[in-house]
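Fold and contact review
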Amino acid sequence: MARLPGIPGLTPGSGARSRGGAGRLIRALLALPLMATLLSGCGSDGSGATMLNWYNFPDDSGALATAASSCSQQSGGRYQIKYNKLPRTADGQRQQLVRRLAAEDDTVDIMGLDVTWPAEFAEAKWILPWTGDALAEATRDTLEVPLRTALWKGRLYAVPYNTNTQLLWYRKDLVPTPPRTWAEMIRMAEDLAERGEPHYVEIQGARYEGLTVWFNTLVESAGGSILNATATAPSLGPPAVRAASIMKGVATSAAADPSLSNQMEDQNRLAMESGSAAFELNYPFVYPSMRANNPTLFKQFRWAPYPGVEQGRPAKPTIGGIDLAIGAYSRHPELSFEAALCLRNRQNQLTAALQGGLPPTLRSLYSDPALVKDYPFAATVLSALENASIRPKTPAYQNVSIAISDTLSPPNGIEPSRDVRTIGDHIEDALNSKGLIP
C-alpha cells in the first residue's frame, strides 16, 4: 500500500517516531481511527471480505443499494460492494470518473457508464475488456442493441446494466388511433388546435443531449447515420437534412409547445400531466408518474411505437442506459467482473425495473409476469429496443453531441441544409482533434 496521505514517511506498520513514551502513546491513540479508515479503503471491510467500490448514478429508488447488499451477501464473504453515488448530472458523473481514472485511482473497481462513454474510456485504456467466462455470461440473454453500446474495436468493454427507449405517449380521449409518422402526428395536432383541444407534441428541444438524441433518432429512422461505419468521418447527407426538416416542421407548427426550446424530459412530463398536451415522446418513467400525479388523466394515458419518418419504415429510437465497466487500475479485477455480473443479474434488473423504472437488458425478463404486471407496455418497449439505434460510437462523442445540439438550437430557427453542413464541419473537427474533453 502507498504511503498514508497527510503523514509523510508513515506507511502501514512502520510506526511514528516521537520524543518520549507519553508522546508516542498519545500519537498512537490519535492515529487509530485514521488507520482504521485508511485500511478499510485498502480492500477490506474488517470482516475479511474484499471491498469493491462501485461508482454509479445516484438512485433514489433504493434499487442500486439493494443490489449491492444482495450481491455482497451472495458472495459468501469474499467481497463487499460499496455503492458510491456520483453527481446527479451526466456531465458531473463523467467528470468525476475521468479525473479518478486519469490519476490511475486503484480504488475504482466497478463503474456505471452512460452508454455514450465506453468508446472514450476504452480508447484511453481506463477500462478492461471482458473475456472468457465473464464475456460469455455478459452476453447471454442480453439484447443486441444495448450490447452494441459497450463494444469498441471488436471487444466488449462493459456489460449493459439497464437500458431505456422512448415511446409515443398520447391521450386516448383526444387521439383514438395513434399516429405512425411525424407528418401524421403534426396533422393531428393541428386539427386538435383548430378545435380548441389540447394539442401540443411534447419533445426535448432544449440545447442539451436530448436534442442530439431527437436528431439521431430521426436520422437513423430516415435510413442514415451521423458517422460512417468506421466512425472516422460524418455521414449525414439527405437523411440528416430530412431529420432537421422534421424538427423545424414541428417547431414551427401548432404542435410546438411555446417553451419547446427550453424543454427537457421532465418538463415534457409535467406538461402532459397538466393536460395541455396530446402527445409526448418520452421514457417509461412518465407512466408511473402520470398514475400518481393525475389519476383522472391516467385513465386516458396510452402508449404506442415511436413515430416513423415515413410510412412502412419503423422508427429507430435512440436508446439510453448504463453499462457496467471494470476499472483498469482496480486491484481486484476478477472479483469486480464477478460482482458486476451479479449486480446486473435477473433479480437485480427486475428490482431496478420495478423500483426505479429502468428497463432491463435481459430479453427473457420482458415476458416475466412480475415485470409485465407493472410494465403493461413491456412488449412495446422490447419491440422498440430490438429495432433501436445507438448514438455515434466515438471517443470524441461529447464534442459530436455538442456540435449537434448547439447547431440545432433553437429548433424553430433550423435551416436544414445549411445546419447539416455546419454539423458535418464541426464533427470533422471533433474527430480530428487530439486528447479527451476535460
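Structure report, in brief. Being a predicted model, the structure only gives us computed values, none of them experimental.

Backbone phi values are negative for most residues with the exception of glycine, while trans is the configuration of most peptide bonds. The omega torsion across Ser409 and Pro410 is -5°, close enough to zero to call that bond cis. Looking at where Pro410 falls in the secondary structure, it is placed in the loop between helix 17 (397-407) and helix 18 (416-432). The backbone of Glu104 sits at a positive phi, close to 60°, despite the residue not being glycine. Here Glu104 is to be found in the loop between helix 3 (90-102) and strand 3 (110-114). Positive phi values are uncommon outside glycine, yet Asp141 reaches one of about 65°. Summarising the element assignment, Asp141 is placed in the loop between helix 5 (132-139) and helix 6 (144-148).

Further remarks concern the sheet that holds strand 9 (residues 277-282). Reading across from one edge, 8-9-7-10 is the order of the four strands in this open sheet, with mixed pairing throughout. Of all strands in the sheet, those with a lone pairing partner are strand 8 (200-202) and strand 10 (301-304), marking the two edges. Going from strand to strand, the sheet's axes swing by 20° on average, the running direction of each strand aside. As paired strands, strand 7 (residues 167-171) and strand 10 are joined by four bridges and run antiparallel to one another. Note on strand 10: the bridge partner recorded for Leu168 is Ala304.

Taken in spatial order, the five strands line up as 2-1-3-11-6 in an open sheet, and their pairing is mixed. Of all the strands in the sheet, just strand 2 (79-85) and strand 6 (159-164) have a single pairing partner and so form its edges. Taken over all neighbouring pairs, the strand axes of this sheet differ in orientation by 20° on average, direction set aside. Relative to strand 11 (residues 320-326), strand 3 runs antiparallel, the two being bridged by five bridges. When the sheet's bridge partners are listed, Met111 is paired in strand 11 with Ala325.

Definitions and cut-offs
Sequence positions are assigned chain by chain, starting from 1 and proceeding in written order. In view of the model being predicted, local features appear only for residues whose pLDDT reaches at least 70, and side-chain atom pairs are presented and counted only at 80 or more, with totals across whole chains, interfaces and linings using the full set of residues. For side-chain calculations, the full set of non-hydrogen atoms in the structure is used, while hydrogens and water are omitted. Every helix listed is a DSSP run of H or I at least four residues long, and every strand listed is a run of E at least two residues long, numbered separately from the N terminus. A strand pair is defined by DSSP finding two or more bridges across the two strands. Comment: axis = line fitted to C-alpha atoms, over the contacting stretch for helices; angle = value between 0 and 180 degrees taken between N-to-C directions.

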